[in-house]
Amino acid sequence: MPERVDAARTAAPNSPAATPESPSAVAPASASVSAVSVSAGLPGPTRLRALLAALGADLLERDEAVHLALLAALAGEHVLLIGPPGTAKSALARRLHGAFAGVRYFERLLTRFSTPEELFGPLSLKALEHDRYERLTEGFLPTAGIAFLDEVFKANSAILNALLTLLNERLFDNGTERAPVPLVAVVAASNEVPDDEALHAFYDRFLVRVPVSPVGDAAFGALLALPEGANGCESGCECMAQPLTAAERAAVGEAAAGVALTEDFVAACTSLRAWLAARMSRPPGRPGPEGSTRVDRGEYRSAQHEGAPVNMLSDRRWRQIVGLARVAAASEGRAALDAIDLWLAPYVASAAPADVPALMGWFEDHVLAAPPAAAAWLERAVAAFEKQLGIEQQMPAEDDGAGGPGGDAAGKLALARAIGLSQSPQAPAPGEAGGGIQRIVSQRLEERLEARLHKRWGALHVQARVAQVAEIEAQVAQAEAEVRSARGALAAATATRLWMPPVLLQRWLGRYDAVLALLAHFAARLRDARQGFAALPVDEAAADEAPAPVAFEPAEASAA
């Protein structure tokens, strides 16, 4: 018997069962999450979408950076944009300032020669007269709400040590006093992640890390057509119609504290933790979970030997991830987290930009259980049926004792073709010489003689072949229905996720669309094969028996 199609495997062959190590697919998990209406005092989804649109206006291919920067700032977390100069990192930070009402903006480009005075303010001469070491912080980082620090890892240790407490605890040591600061979020930029082990603690302060690349080919024309200054935004500009107030930020924080964790979310986090541990435990370059490889500028470097960022998350970072996901859920009007909320994982669990694709692949394969755009076994099955059809269509007739297959049919067929020239595009019209009745007779003669040259099959043989193909067709149709259902479930589950960058959702739905297109392609080929078997010439008087099933290599054998 031909191999049966496992529809679930066709849709998602690598998706594991729902265990603590491997969370279930997204559709069942999302169904258990109850939605709640946005409470009074919280900014509504419509307003947040308007802020995101204003924040990303004319910032081409910056979906992830825009959505994650505003979400992180709303959650009180810091953002690191990693990419080359000239990729609109500073423009995004300046616009982000405009999304928050009543906060100051601070910006500095740091170098190894930068001094603490440039960030924290000059020393107070009056305080020095009284033997106090204090700074005049007015207008500097300790009084800012949104700050942009460019080339942040080039600063010296004196600056970085002072920033550690300010970023994490929102406190600034000014002389003998430790004063709170009004900092909402810091957006930092760097061309690369730090290699120095001494910088790891500071690097860890940035929960969200977003790779930023130059505009790709698809948007290059739009980039050239942008008006002058389209990406610009001066410090202090009011580019947002309704910036978020301090009361609204506090309301979001209060609502986020009440967002519950579901078993699916915890299972997804557990699976991610095990996956990260497995990646760290294997030697560089060797395949990891699900065949993934370890990459960090080509290869991960051993943390013990070269001081590369370790791709394991601290307890504090796990709690921050949960906090960020809760803020997203609360502002979207959801009462609980589910496995989909770990779409944030590639941007919060990455040790370097090279980690993001692997982490995104983990999310798509293990959480979404998105189907791969390939079905090798089905390709083999279709090709096997097409090959068998070709063999049976061309198989010569049995020797009828007239000198070969079909007797003198070959000579008669040549004669028929000679007098059937009216079938060509230059043939005379009916009624003219060589047309009309002559052409019809020659066509019928040719068809009959062609049939005599090829073998005639028993009716049972033809019926068996048609049934074998129809069985595969039915299984492909079932797989198509399941993939279509899963796509609809994902679209429904993400319909209200305003923080999810549209480019990501398009990518995920595109995987389902690619599989549906592939299944439709195979379905068309199977239909042609079935029709071809059904059209085989039949000899009703021939001894008949069901043929052996068409053989092809099953998926399990090829995997082995």
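Reading guide: rules and limits
Every chain begins its residue count from 1, and numbering advances along the sequence as written. Per-residue local features are limited, in this predicted model, to residues with pLDDT of at least 70; the limit for side-chain atom pairs, both in listing and counting, is 80 or more; totals at the level of whole chains, interfaces and linings are taken over all residues. Only heavy atoms go into the side-chain values, all of them from the structure, while hydrogens and water stay out. Whether two aromatic rings pair depends on their centres lying within 6.5 Å, for rings of Phe, Tyr and Trp, where Trp uses its six-membered ring; planes under 30 degrees apart make the pair stacked, over 60 edge-to-face, and the rest tilted. Only when the NZ atom of a Lys or the CZ atom of an Arg is both within 6 Å of the ring centre and within 35 degrees of the ring normal do we say a charge sits over the ring. Only runs of H or I of at least four residues qualify as helices and only runs of E of at least two qualify as strands under DSSP, and these elements are numbered from the N terminus. Each residue gets one of three labels from its accessible area relative to the maximum for its type: buried under 20%, exposed over 50%, partly exposed in between, using a 1.4 Å probe on protein chains only. Any N or O atom pair separated by 3.5 Å or less is treated as a polar contact, with the protein-specific requirement of one donor-capable and one acceptor-capable atom, and with residues adjacent in sequence counted only for side-chain atom pairs. By this rule the span expected of a helix is its residue count minus one, scaled by 1.5 Å. Working rule for contacts: check all heavy atoms of both residues, and any pair within 4.5 Å makes them a contact. Patches here are clusters of residues that have more than 30% relative accessible area and form no salt bridge, with a 9 Å joining cutoff for like charges and a 5 Å cutoff for nonpolar side chains (Val, Leu, Ile, Met, Phe, Trp, Tyr). Note that accessible areas follow from Shrake-Rupley with a 1.4 Å probe, and for residues the cover is restricted to the protein chains shown. Think of a salt bridge as a Lys or Arg side-chain nitrogen and an Asp or Glu carboxyl oxygen that are within 4 Å of each other. Residue types Ala, Val, Leu, Ile, Met, Phe, Trp, Tyr and Cys, when buried and joined through side-chain atoms within 4.5 Å, form a set referred to as a nonpolar core. Helix axes use the C-alpha atoms of the stretch in contact, all axes being lines fitted to C-alpha atoms, and the angles between their N-to-C directions lie in the range 0 to 180 degrees. Comment on the angle field: the value is read as roughly parallel under 35 degrees, roughly antiparallel over 145, roughly perpendicular from 65 to 115, and oblique elsewhere. Classification used: nonpolar for Ala, Val, Leu, Ile, Met, Phe, Trp, Tyr, Cys and Pro, charged for Asp, Glu, Lys and Arg, polar for all others including Gly.

Trainee: When you look at the packing of aromatic side chains in this model, what are you seeing that I'm missing?
Mentor: One pass over the structure, following the stated rule, counts 7 aromatic pairs. In this structure an aromatic cluster arises from ring pairing among Phe153, Phe202, Tyr203 and Phe206. Directly above the aromatic system of Tyr203 lies the positively charged group of Arg209, at a separation of 3.9 Å from the ring centroid.

Trainee: Where do I start with the side chain of His97 in this structure?
Mentor: Topologically, His97 is positioned in helix H5 (residues 89-98). A relative accessible area of 7% places His97 in the buried class. Within the local environment of His97, its side chain forms a polar contact with the backbone oxygen of Val103, the two atoms lying 2.8 Å apart.

Trainee: I keep staring at helix H11 (residues 246-257) and nothing clicks. Help me out?
Mentor: Residue pairs three or four apart in sequence face the same way in an α-helix, which turns once every 3.6 residues. Helix length check: H11 (12 residues) gives 17 Å between terminal C-alpha atoms against 16 Å at 1.5 Å per residue, within 8%. Where the residues of H11 are buried, they touch helix H3 (45-56), helix H4 (63-74) and helix H14 (315-331).

Trainee: Looking at this model, I keep getting lost on a nonpolar patch on the surface. Mind explaining?
Mentor: Together, Leu125, Leu128 and Tyr133 give the surface a local cluster of nonpolar side chains, amounting to about 330 Å² of exposed area. On the basis of relative accessible area, Leu128 is assigned to the partly exposed category, the value being 37%.

Trainee: So what exactly am I meant to see when it comes to the pattern of salt bridges here?
Mentor: Pairs can form between side chains of opposite charge once their charged atoms are near each other. Counting across every chain of the model gives 25 salt bridges. A salt bridge links Arg132 to Glu134; the nearest nitrogen and oxygen atoms lie 3.0 Å apart. With a closest N to O distance of 2.9 Å, Arg334 and Glu332 form a salt bridge. Judged by its relative accessible area of 6%, Arg334 falls in the buried class. The network of salt bridges with common partners includes Glu332, Arg334, Asp338, Asp341 and Arg497.

Trainee: How do you make sense of the nonpolar core when you look at a structure like this?
Mentor: Nonpolar side chains in soluble globular proteins generally cluster together in the buried interior. Judged by nonpolar contacts, the single largest core of 109 residues is most densely connected at Phe100, Val208, Trp343 and Trp499. Considering every element that reaches this core, the biggest residue donor is helix H21 (residues 502-534), with 10 residues. Residue contacts for Val208: discarding those within four places in its chain leaves Leu68, Ala72, His78, Val79, Leu80, Leu324, Tyr347 and Val348. The next biggest cluster of nonpolar side chains, apart from the first, holds 31 residues, and it includes Ala147, Val181, Leu199 and Ala352.

Trainee: Whenever I open this one, H14 confuses me. Can you help?
Mentor: Taking 1.5 Å as the rise per residue, H14 with 17 residues should run 24 Å; its terminal C-alpha atoms sit 25 Å apart, in good agreement. In terms of burial, H14 is largely enclosed, as 12 of its 17 residues are buried. Taken together, the buried positions of H14 are Arg317, Trp318, Gln320, Ile321, Val322, Leu324, Ala325, Val327, Ala328, Ala329, Ala330 and Ser331. Remark: Gly333 follows H14 within two positions and exhibits a positive phi of approximately 85°.

Trainee: When you look at the environment of Val212 in this model, what are you seeing that I'm missing?
Mentor: Within the element layout of this structure, Val212 appears in the loop between strand E7 (208-211) and helix H10 (220-225). The class for Val212 is buried, based on a relative accessible area of 4%. What Val212 contacts, discounting residues up to four positions off in sequence, is Arg62, Leu81, Ile82, Gly83, Pro84 and Thr87.

Trainee: Looking at this structure, how should I read the packing of H4 against H21?
Mentor: Any two packed helices are characterised by how steeply their axes cross, that is the angle between the axes, and by the distance between the axes. Direction vectors running N to C along H4 and H21 enclose 125°, while the axes themselves pass 8 Å from each other. On the basis of their axis angle, the class for H4 and H21 is oblique. Packed against H4, whose contacting residues are Asp63, Glu64 and His67, the element H21 presents Pro502, Val503 and Leu504 at the interface. Residue composition of the contact of H4 with H21, grouped by class: 3 nonpolar, 1 polar and 2 charged.

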